[in-house]
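# Observations on the model geometry
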Amino acid sequence: MTNKRMDIATNTDQPLFIPFITAGDPTGEATVDIALTLEEAGASILELGIPYSDPLADGPTIQAASKRALNGGMTLEAALNLVPKMRERGLTIPVIIFTYFNPLLQYGEERFVNEAAELGIDGLLVPDLPYEESNYLDKLCDDHDLSLISLVAPTSKQRMVKIAKRAKGFLYCVSSLGVTGARNELDPRVYDFLKTVREASSIPTAVGFGISSAEQVKVMQEYADGVVVGSALVTVIGEQEEALKNEETRPAALMKIKTFVSSLISS
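Residues numbered from 1 in each chain as written. Predicted model: local features only at pLDDT ≥ 70, side-chain atom pairs only at ≥ 80, totals over all residues. Heavy atoms only, no water.

## Thoughts on the sheet that holds strand β4 (residues 123-125)
As summarised here, the arrangement of the eight strands in space is β1-β2-β3-β4-β5-β6-β7-β8, forming a closed barrel in which the pairing is parallel. The sheet shows a mean angle of 25° between the axes of neighbouring strands, taken without regard to direction. Two elements, β4 and strand β5 (residues 147-152), share three bridges in a ladder whose sense is parallel. Within the sheet, the bridge partner assigned to Leu 124 lies in β5 and is Leu 148. Strands β5 and β6 (171-174) of the sheet are contacted by helix α8 (residues 157-166), whose axis makes an angle of about 165° with β5. (Pairing = 2+ DSSP bridges. Helix = DSSP H or I, 4+ residues; strand = E, 2+ residues; numbered from the N terminus. Axes fitted to C-alpha atoms, helices over the stretch in contact; angles between N-to-C directions. Contact = heavy atoms within 4.5 Å.)

## Examining the UniProt feature "active site" (unreviewed entry) in the chain
The UniProt record annotates "active site" (unreviewed entry) at Glu 47 and Asp 58. Set against the second largest cavity, the annotated residues named above that line it are Asp 58. As for its position among the elements, Glu 47 is in strand β2 (residues 46-49). As for its position among the elements, Asp 58 is in the loop between β2 and α2 (60-71). Using a relative accessible area of 4% as the deciding quantity, one classes Asp 58 as buried. (UniProt positions renumbered as here; feature names shortened; annotations may be inferred. 1 Å grid on protein atoms, 1.4 Å probe; cavity = no way out; pocket = protein on both sides within 12 Å on 5 of 7 lines; lining within 4 Å. Buried < 20%, exposed > 50% of the residue type's maximum accessible area, 1.4 Å probe, protein only.)

## Things to note about the side chain of Ser 66
Note that Ser 66 resides in helix α2. A relative accessible area of 4% places Ser 66 in the buried class. Polar contacts involving the side chain of Ser 66 include one to the main-chain amide nitrogen of Tyr 52, which spans 3.5 Å. In this view, Ser 66 contacts Thr 22, Pro 51 and Tyr 52; residues no more than four positions away in its chain are not counted. (Polar contact = N/O pair within 3.5 Å; in protein donor to acceptor, adjacent residues only side chain to side chain.)

## Re the nonpolar core
Formed by 73 residues in total, the largest nonpolar core has its most connected members in Leu 38, Phe 112, Leu 124, Leu 137, Leu 171, Leu 233 and Ile 257. The leading source of residues in this core is helix α1 (residues 28-41), at seven residues. With 20 residues, the next largest nonpolar core counts Ile 18, Tyr 100, Phe 170 and Val 228 among its residues. (Core = buried A, V, L, I, M, F, W, Y, C linked by side-chain atoms within 4.5 Å.)

## Thoughts on unusual backbone geometry
Excluding glycine, residues mostly carry a negative phi; peptide bonds, for their part, are mostly trans. Across the junction of Asp 25 and Pro 26, the peptide omega takes the value 0°, indicating a cis bond. Along the chain, the position of Pro 26 falls in the loop between β1 (16-22) and α1. Unlike most non-glycine residues, Asp 145 shows phi in positive territory, near 60°. As for its position among the elements, Asp 145 is in the loop between α7 (135-143) and β5.

Right under this line is the structure:
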């Protein structure tokens, strides 16, 4: 078996650009097209969020995206099955599933990991699963050659180092405490935090939560190996909701998404 975990964030010399989208926002078909558009625009890894009614780490923008997707009938199983459709259409970048632990537990951890491996998914990120309670899921992922992506926040240095040393795929650095959402300014303490984590990590680091402008992307690339952009991108998708639902108007909406992403990473 090829070790996909080693390839998730090491197959490019360019800074990592990791966009987050919500599966089913605004439809499953549109999600597949958006994923392909993001790869064309320069995405390194796709973070595919499972819509959930109680997303503890997400701010209003991604909550609204989840609501749109849930209203459209999207489920965890349906979201997973979007990935082989993306692969059939030519998507080659790694796909990381972002889900909260409750839906994962309801679905079944073993079932989820088995199906994810079969469907061409590369990793899993569970923001509300504490590091101290993740051993079982981590072992399951290891056994199926998936990466359980670790989140590290600016808390105690000892805990940051511990998480960094066990991380796989890439290490997701949370730029600030609180929920997701575009921010005009980042906490100035983030720079020392990122330096500490990068020194402790043997794998690439990516910083997210609040990254929303080309200027922020450029600055963060000096302190981390990549950036995660979620709310700012999901805002653009929300603005194009009706156009994305219609096959005739979808190409123009996809071009607006591509233009937005290109504006973030071309500087």
